[in-house]
Amino acid sequence: MSKMLPFINPATGAQFGEVAMAAPDEIAQAHKELRQNFAVWRRKPVAERVRILKQLQALMIDSLDEITAVINEDTGKSRQDGLIEVMMVVDRIHQYLKNAPRWLKRRRVPPGLYMFKSYYTEPHPYGVVAVIGPWNYPFDLCMSPVLSALLAGNTVMLKPSEVTPVTGALIEKLFRRIPELSPFVRVLHGDGSVGAAVVDSRPDLVFLTGSTATGRKIAQETAKHLIPFVCELGGKDPMIVLADADVKAAARWGAWGAFYNTGQTCMGVERVYVVESVYDEFVAEVVAHAQALKIGYSPDLENENNMGPLTFARQADIIDDHMQDALAKGAQVAYGGQREGMFMEPTVMVDVDHSMKLMREETFGPIMPIMKVKDETEALWLANDSPFGLSACVWSRNMRQAKRIAHRLEVGSVNINDTISHYPVSQLPFGGVKQSGNARTHGRQEVMQFTHLRSYAIGRPPLPVDLATQMRQPNRYRLGAAIMRLAFGVTLEQRLQPIQEAAASLGLGGMKPPARKTAVLMGALTAVVAIMFGLFRSRK
């Protein structure tokens, strides 16, 4: 008998349904069918894939209220926050479908010295792709990689998070409603054991959005079989507030970035460094904003609450641990700190330092730790003193100064004078460095990471004058060296050396200077024409 995953509303604690976990034989069968169906899906022209996926785009728009209701009940977030998830997915797929024919087309490659052949590259899908999704944005962070992998020509095994199983069941229903698409996706519900079985089934690529700890486990398993592994992992995103910042704006939007989605956002504000001259003002402003936030749950479309409940009980324990560790090491609560069930107050903490878990590990909750620094140099050093490198933000009225710091931050994305505003931009690549993963979502990079390039060299058998013909024969060292200098010489002397040597060997050295100069120029002109001809062919 199948194990069941319960549907539990984190705001109320009520169970309202369940779904069967995928058994090992079901996972094996799904992989087998997707392997067979891949041969069908990959042969469909890109325009045909676009046509079919547009049906899903239309279905998501028509099903908006149904989707947001499920997200609301599954995660506790507001219907409006659920709407934002759907909107980002629809925006992204709209852009991808429009640009995919250009992104996925065959591309000519310059032939270099081999001018009698044509060369090109062509992206090919991997095959069966496994997508393992998270619970904090269960619709956006599952649908986007699935749609990108499908658009690239792959078939997909999706393992949604067991923390938000209702959204996974909804995604399965959406795909089933499109008969032309449903054979190429399988949704496999379950906990970590199901995820492990999906990886063990040896897909052709694994894509994970999740914690760094989960990423390490999957990396170890995929490495056993050299399966490509792409991951977008956790973050500990810093915010830097300089002395000349607009402090009121920094406090308002910094607090929003820390407490949005109850702090359960990988690119949210997780630690703040404020130059001492504006520190007190900034803390006071942040506390005022935190005090104004409303906490609660409502299934209604319109909802005045700014924050809902925490979604995952295990994460609530991590948040408590980080907070208690900080308090034991001298930190103070400037505001908040209380939790009732899964509802936690927006919490502002001061007197923090890098000895605390709160400043080193991903908290993923509504806590905003603020640290006083002497100047921008110290702020930058502390911001980079982290194993994570997802996003960051810098606040300053001096754009030149802000940009200089932004370019020195060891992260994948930087905001200047705002928070999180980079993520909703559909064609701006998003992803991290260091232990925040290697994926690049959003835009061309998201689609292309589900492909690998194949290269082709096309032409008739080598001609006698072809470089390939000449260099495959012995006694061609001097010829090869002359061609290398002529084509790739850095200085004019290097490029002219073969022509001068040829002129000398032909007895042109004894020619009068005007005649010798003419011969050298004609030789150089001939070489230039040959190279230009090769470049022209490469652009056709």
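Just so you know, these numbers come straight off a predicted model, no measurement behind them.

Take the packing of aromatic side chains next. Counted according to the given criterion, the structure contains 10 aromatic pairs. Arranged with centres 5.8 Å apart and planes meeting at 45°, the rings of F7 and F16 form a pair that is tilted. Exposure remark for F7: the relative accessible area of 10% places this residue in the buried category. The class for F16 is partly exposed, based on a relative accessible area of 30%. For the pair W135 and F312, a centre-to-centre distance of 5.6 Å together with 65° between the ring planes defines the contact as edge-to-face. With W135 in the loop between strand 5 (128–132) and helix 5 (140–151) and F312 in the loop between helix 10 (279–292) and helix 11 (313–328), this pair connects stretches of sequence that are 177 residues apart. Across the pair, F312 and W135 agree in class, each one buried. The rings of W135, F312 and F364 are connected pair by pair, giving a single aromatic cluster. Here the guanidinium or amino end of K77 rests over the ring plane of Y137, the centre of that ring lying 4.2 Å away.

Summing up the model confidence of the protein chain, the mean pLDDT is 93 and the portion of residues at 70 or higher is 94%. Low pLDDT, under 50, characterises residues 515–520; the stretch is placed with six contacts to residues that sit more than four places away or in other chains. Counted against residues more than four places away or in other chains, residues 528–540, with its pLDDT under 50, gives 15 contacts.

A separate point is the nonpolar core. Within the largest apolar cluster, 74 residues are counted, with the highest numbers of intra-cluster contacts made by L56, M60, F139, L150 and F175. Considering each element in turn, this core owes the most residues, eight residues, to helix 4 (residues 79–103). Those residues in contact with L56, other than ones at most four positions away along the chain, are M143, L147, L174, F175, I178 and L181.

Rules and cut-offs
Residues numbered from 1 in each chain as written. Predicted model: local features only at pLDDT ≥ 70, side-chain atom pairs only at ≥ 80, totals over all residues. Heavy atoms only, no water. Phe/Tyr/Trp six-rings, centres within 6.5 Å; stacked < 30°, edge-to-face > 60°. Buried < 20%, exposed > 50% of the residue type's maximum accessible area, 1.4 Å probe, protein only. Helix = DSSP H or I, 4+ residues; strand = E, 2+ residues; numbered from the N terminus. Lys NZ or Arg CZ within 6 Å of the ring centre and 35° of its normal. pLDDT = per-residue confidence, 0-100. Contact = heavy atoms within 4.5 Å. Core = buried A, V, L, I, M, F, W, Y, C linked by side-chain atoms within 4.5 Å.

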